[in-house]
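Chain and residue survey
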Amino acid sequence: MHNQEIAKMKKEIMEITLIEVVGSDLCIASEDGQKVHDVIKRALEDGKNVRLSFKGVRDLTSAFLNSAIGQLYGELPEAEMKEKLSVSDASNEDLLLLKRIVNRAKEFFKDRERFETATRELMGDDDEPEN
Amino acid sequence: MNISIGNMSSTFDGFKEIIEIYGEISCMEDSICEIDMSGVNWIDANMCAPLGALLQISNDKKHFRKIRLLEMKPRIRDILQKNGFLPNFGFDLDKKPDTYGTTIEYQRFGRIDSQSFRRYIERHFVGKGLPKMSPRLAQKFRESISEIFENAVDHSRTEYGIFTCGQYFPSQGRLDFSIADLGIGFRRNIFECLGKNFKSEDSIEWALEGMNTTRLLKGGKPGGFGLKLIKKFIELNKGGLQIVSDSGFWSLYQGKIEKNHFESSFPGTIVNIEINTGDKQRYCLESELTDLNPEDIF
């Protein structure tokens, strides 16, 4: 086995259970997602690998996942996210929503400036609303 | 001052009625406001959400010191008592029991009340025999309305709270649920974040399309996905989605999109979701599910 792979295997994996961080099985609010984000980010900054457990999650929204995970793509390199993050105990539908959020976040942060410019150009002039 | 009002369905004309009521009340100052309801033969109970929102803001702004509802037909009174709307506004009428289990009561939530909102949804959609949704549809529906709530919290920046009400119409096979806020609306949100002045109805359309969002420029978090998920869900469900924001109206009904413009404005945003309760289909394509690999998410 390659040395790098051995080193990766030995790295500590921290399991973060969403419902424990949120304190409920309803993972719906953006601000609860922020709590999860802060825990994940701290762990990654401490050099840990993170396994996100969706065990017991009843409801899940895009608002929650954008806060918890989407914004990490604006803060950490995509390669680091891919290497250090994993997911467990997620239903197919949870995985589908998570995958959509991740893809969208990657697109946003890949070329933020280009996105902003394109958006402004698409929208033309910029008069102030009357009301 | 006396205001006459008419029927209120979850349609362009129904929302126009709401906006016109607000237009008249907002011209008042510390008045006794009398609303003549003799012309109201029908009210979609979910319309109590925007009605409650406008009465709340009018009360807070002291447009009236007292409000009276006159000539209300017994059938209309029944609806507004059952869903708790009248008792909530101090009309000195008790809440009536929801005999048929078709009411989703009128409520006002604070910005941080996501969990209470979810419990409210649970309370009104589970164990009451309404509506006859498959478990999968019920789950999707709950998540969709949580998305609308979070969207209102994130985008409106409202301090007045979020107003909700719904009604199940068994004979029509539909369930309508409305969420209203008194926030800045789509148009101003887009202008403040992106510097662009759209017509109100175009700003709603913009927010529902493709990659568009104001979130990236506001807080560094990607977003703008909630409403798009709901739109997709409604398209599959063959239900309806109506959005009113400022003077704009956008509607998706059984696959058809309609935009329109009111002469005056609603002081915030109303989202109405209409579920086709007879729908039995699955809500993920098999191809989407089978393509997913947990090892290949990030």
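Scope of this entry: the structure provided in the associated data block. Predicted model only: the values in this text are computed from it and were never measured. (Residues numbered from 1 in each chain as written. Chains lettered and ligands numbered in written order. Predicted model: local features only at pLDDT ≥ 70, side-chain atom pairs only at ≥ 80, totals over all residues. Heavy atoms only, no water.)

1. Some remarks on the nonpolar core
Counting residues in each nonpolar core, the largest one holds 44 residues, and the members touching the most others are Ile25(B) and Leu80(B). Among all residues touching Leu80(B), those that are not within four sequence positions of it are Met37(B), Ile43(B), Cys48(B), Met72(B), Phe85(B), Leu86(B) and Pro87(B). Counting 38 residues, the second-largest nonpolar core is a separate cluster that includes Phe54(A), Leu60(A), Leu96(A) and Ala105(A). (Core = buried A, V, L, I, M, F, W, Y, C linked by side-chain atoms within 4.5 Å. Buried < 20%, exposed > 50% of the residue type's maximum accessible area, 1.4 Å probe, protein only. Contact = heavy atoms within 4.5 Å.)

2. Some thoughts on the packing of helix α1 (residues 12-25) of chain B against helix α2 (residues 48-60) of chain B
Residues and elements named next belong to chain B. Packing of α1 against α2 brings their axes to within 10 Å, and their N-to-C directions diverge by 10°. As the angle between them shows, α1 and α2 are arranged roughly parallel. Along the contact surface, α1 presents Ile-18, Ile-21, Tyr-22 and Ile-25, while α2 presents Pro-50, Leu-51, Leu-54, Leu-55, Ile-57 and Ser-58. Partitioned by chemical class, the residues of the contact of α1 with α2 number nine nonpolar, one polar and no charged. (Axes fitted to C-alpha atoms, helices over the stretch in contact; angles between N-to-C directions. Helix = DSSP H or I, 4+ residues; strand = E, 2+ residues; numbered from the N terminus. Parallel < 35°, antiparallel > 145°, perpendicular 65-115°, else oblique. Nonpolar A, V, L, I, M, F, W, Y, C, P; charged D, E, K, R; others polar.)

3. Observations concerning unusual backbone geometry
The bulk of non-glycine residues show a negative phi, and the bulk of peptide bonds are trans. All names here are of chain B. Located in the positive-phi region is Lys-62, a residue other than glycine, with phi close to 60°. Tracing the sequence through the fold places Lys-62 in the loop between α2 and β3 (64-70). Judged by its relative accessible area of 59%, Lys-62 falls in the exposed class. A positive phi angle, close to 55°, is found at Lys-238, a residue other than glycine. Considering the arrangement of structural elements, one finds Lys-238 in the loop between α10 (226-237) and β7 (240-253).

4. Some remarks on the packing of helix α7 (residues 185-194) of chain B against helix α8 (residues 200-207) of chain B
A packed helix pair is summarised by two numbers, namely the angle formed by the two axes and the spacing between the axes. Residues and elements named next belong to chain B. The geometry of α7 relative to α8 is characterised by a closest axis approach of 8 Å and an angle of 70° between their N-to-C directions. By the criterion of interaxial angle, the relationship of α7 to α8 is roughly perpendicular. Here α7 contributes Phe-186, Arg-187, Ile-190 and Leu-194 to the contact with α8, which in turn contributes Ser-200, Ser-203, Ile-204, Trp-206 and Ala-207. The class makeup of the residues in the contact of α7 with α8 is six nonpolar, two polar and one charged.

5. Let's talk about the pattern of salt bridges
Residues and elements named next belong to chain B. The final tally for this structure, using the stated rule, is 21 salt bridges over all chains. In this structure, the salt-bridge partner of Glu-34 is Arg-68, at a minimum N-O distance of 2.8 Å. Placement of Glu-34 in strand β2 (residues 31-36) and of Arg-68 in strand β3 is noted, with a sequence separation of 34 residues between them. Relative accessible area serves as the criterion here: at 22%, Glu-34 is assigned to the partly exposed category. Residue Arg-68 is classed as partly exposed on the basis of its relative accessible area of 34%. Here Glu-205 ties to Lys-259 by a salt bridge, and the two come within 2.9 Å at their closest N and O atoms. Of this pair, Glu-205 sits in helix α8 while Lys-259 sits in strand β8 (residues 256-276), and the two are 54 residues apart along the sequence. Owing to a relative accessible area of 35%, Lys-259 belongs among the partly exposed residues under this scheme. (Salt bridge = Lys/Arg side-chain N within 4 Å of Asp/Glu carboxyl O.)

6. Some thoughts on the packing of aromatic side chains
Residues and elements named next belong to chain B. What the rule picks out here adds up to 14 aromatic pairs over all chains. The interplanar angle of 70° and the centroid separation of 5.1 Å between the aromatic rings of Phe-109 and Tyr-120 together place this pair among those described as edge-to-face. Taken together, the positions of Phe-109 in strand β4 (residues 103-109) and Tyr-120 in helix α5 (residues 114-125) put the pair 11 residues apart, joining distant regions of the chain. Of the two residues, Phe-109 and Tyr-120, both sit in the buried class. A ring pair is formed by Phe-117 and Phe-177, whose centres lie 6.3 Å apart and whose planes are at 50°; its orientation type is tilted. Of this pair, Phe-117 sits in helix α5 while Phe-177 sits in strand β6 (residues 174-181); the two residues are 60 residues apart in sequence, bridging distant segments of the chain. Given the relative accessible area of 1%, Phe-117 is considered buried. Judged by its relative accessible area of 0%, Phe-177 is buried. Connected via pairs of aromatic rings, a cluster forms that spans Phe-109, Phe-117, Tyr-120, Phe-149 and Phe-177. The lysine or arginine in question, Arg-174, covers the ring of Phe-169, its NZ or CZ lying 4.0 Å from the ring centre. (Phe/Tyr/Trp six-rings, centres within 6.5 Å; stacked < 30°, edge-to-face > 60°. Lys NZ or Arg CZ within 6 Å of the ring centre and 35° of its normal.)

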